[in-house]
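Fold and contact review
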Amino acid sequence: MSTLPLVADVTVRTRQDGAGKTHLIGLTRAQLAETLAGAGVPAKQLKMRVQQLWNGLYAHGATDFAGITSLAKDFRTTLSERFTVARPEIVTEQVSGDGTRKWLIRFGPGIEVETVYIPEDDRGTLCVSSQVGCTLTCKFCHTGTQKLVRNLTATEIVQQVLVARDALREWPNAQRNSDLRLLTNIVMMGMGEPLYNFDNVRDALNVIGDGEGLAVSKRRITLSTAGVVPEIGRAGEEIGCMLAISLHAVRDDLRDVIVPLNKKYPIKDLIQ
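The notes below deal with the structure included here. The model shown is predicted, which means the values in this text are computed figures rather than measured ones. (Residues numbered from 1 in each chain as written. Predicted model: local features only at pLDDT ≥ 70, side-chain atom pairs only at ≥ 80, totals over all residues. Heavy atoms only, no water.)

Some thoughts on the packing of aromatic side chains
Under the defined criterion, the tally for this structure stands at one aromatic pair. Centre to centre, the rings of Trp-54 and Tyr-58 are 4.9 Å apart; their planes meet at 70°, and the pair counts as edge-to-face. Taken together, the positions of Trp-54 and Tyr-58, both in helix H2 (residues 46–59) and four residues apart, correspond to about one turn of that helix. Looking at Arg-49, its charged tip hangs above the ring of Phe-75, at a distance of 4.5 Å from the centre. Taking the ring centre of Trp-171 as reference, the NZ or CZ of Arg-165 above it sits at 4.3 Å. (Phe/Tyr/Trp six-rings, centres within 6.5 Å; stacked < 30°, edge-to-face > 60°. Helix = DSSP H or I, 4+ residues; strand = E, 2+ residues; numbered from the N terminus. Lys NZ or Arg CZ within 6 Å of the ring centre and 35° of its normal.)

Observations regarding helix H3 (residues 73–82)
What H3 keeps buried is the set Phe-75, Arg-76 and Leu-79. Seen from one end, H3 has its buried residues packed into an arc of 100°, which puts them on one side. Residues of H3 that are exposed and point more than 90 degrees away from the buried face comprise Lys-73, Asp-74 and Glu-81. In this structure, the buried side of H3 is in contact with helix H1 (29–38), H2 and strand S2 (83–84). (Buried < 20%, exposed > 50% of the residue type's maximum accessible area, 1.4 Å probe, protein only. Arc of directions from axis to C-beta. Contact = heavy atoms within 4.5 Å.)

Thoughts on a nonpolar patch on the surface
Where nonpolar side chains cluster on the molecular surface, the patch consists of Leu-243, Ile-245, Leu-247 and Val-250 and spans about 340 Å² of accessible area. Secondary-structure assignment places Val-250 in the loop between strand S11 (242–245) and helix H7 (252–258). (Patch = residues over 30% accessible without salt bridge, like charges linked within 9 Å, V, L, I, M, F, W, Y side chains within 5 Å. Areas by Shrake-Rupley, 256 points an atom, 1.4 Å probe, with all protein chains shown as cover. Salt bridge = Lys/Arg side-chain N within 4 Å of Asp/Glu carboxyl O.)

A few points about the sheet that holds strand S5 (residues 111–119)
As summarised here, the arrangement of the seven strands in space is S3-S4-S5-S6-S9-S10-S11, forming an open sheet in which the pairing is mixed. This sheet does not close on itself; its edge strands, each paired only once, are strand S3 (89–95) and S11. Geometrically, the sheet is characterised by an average inter-axis angle of 20° between neighbouring strands, direction not taken into account. As paired elements, strand S9 (residues 185–188) and strand S10 (residues 221–225) share three bridges and run parallel to each other. Across the sheet, the residue bridging to Val-187 is Thr-222, located in S10. (Pairing = 2+ DSSP bridges. Axes fitted to C-alpha atoms, helices over the stretch in contact; angles between N-to-C directions.)

Laid out in structure tokens, this is it:
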């Protein structure tokens, strides 16, 4: 068999920085409430605290707790002692003449991915990665020549969107004199197979699609898969975004070569 399921040692669910602080970016509202409760926030305050953090992080782009002034100063200090909302390291940023931007983002030693922003007349699309490397060996994809290092966490997936919005000055305090939104669409077409990192991709896209934060409509989010058939229905139920299939051939004998995953999930099963 040419493809293997992901195993536990490459799957990461939570992210901490070098100081052992838990990252709050990418947590769902329920996960954020649970995390705050574990830090001693009273139950009657949880809904309010989650909303304050959500607004600060995703509507205003705060990169530290000091910037979320809706929170009391002593509470901000308490949060900063245990948690972080910092951006990842940008190793390189390349900008082309047509406005296309490509970032090489480092989340930790050996954990690097590319994220690309592509401007068009009627939209601005961000191509987001879901894994470092890939288990698939699709002939058209450079990532397929790289071994899988691990899944990206929901934190790391959402952070790619935040990096782009920072660069495009898409936050209310960025003083960009335009009401035109530059980043309008998300495509999960970067490094990795999104459906082999299902839980983290689902949580990240639900954060990105939340109407009170980053507010990218699910109709403007497209998940691309090489054809992981068992997870496609689940993606419709739990994510609800648009779907793209890397088909590349309409005959099994040819697609077996171009997209070896086809040997496990042939075209008739994929179409069904």
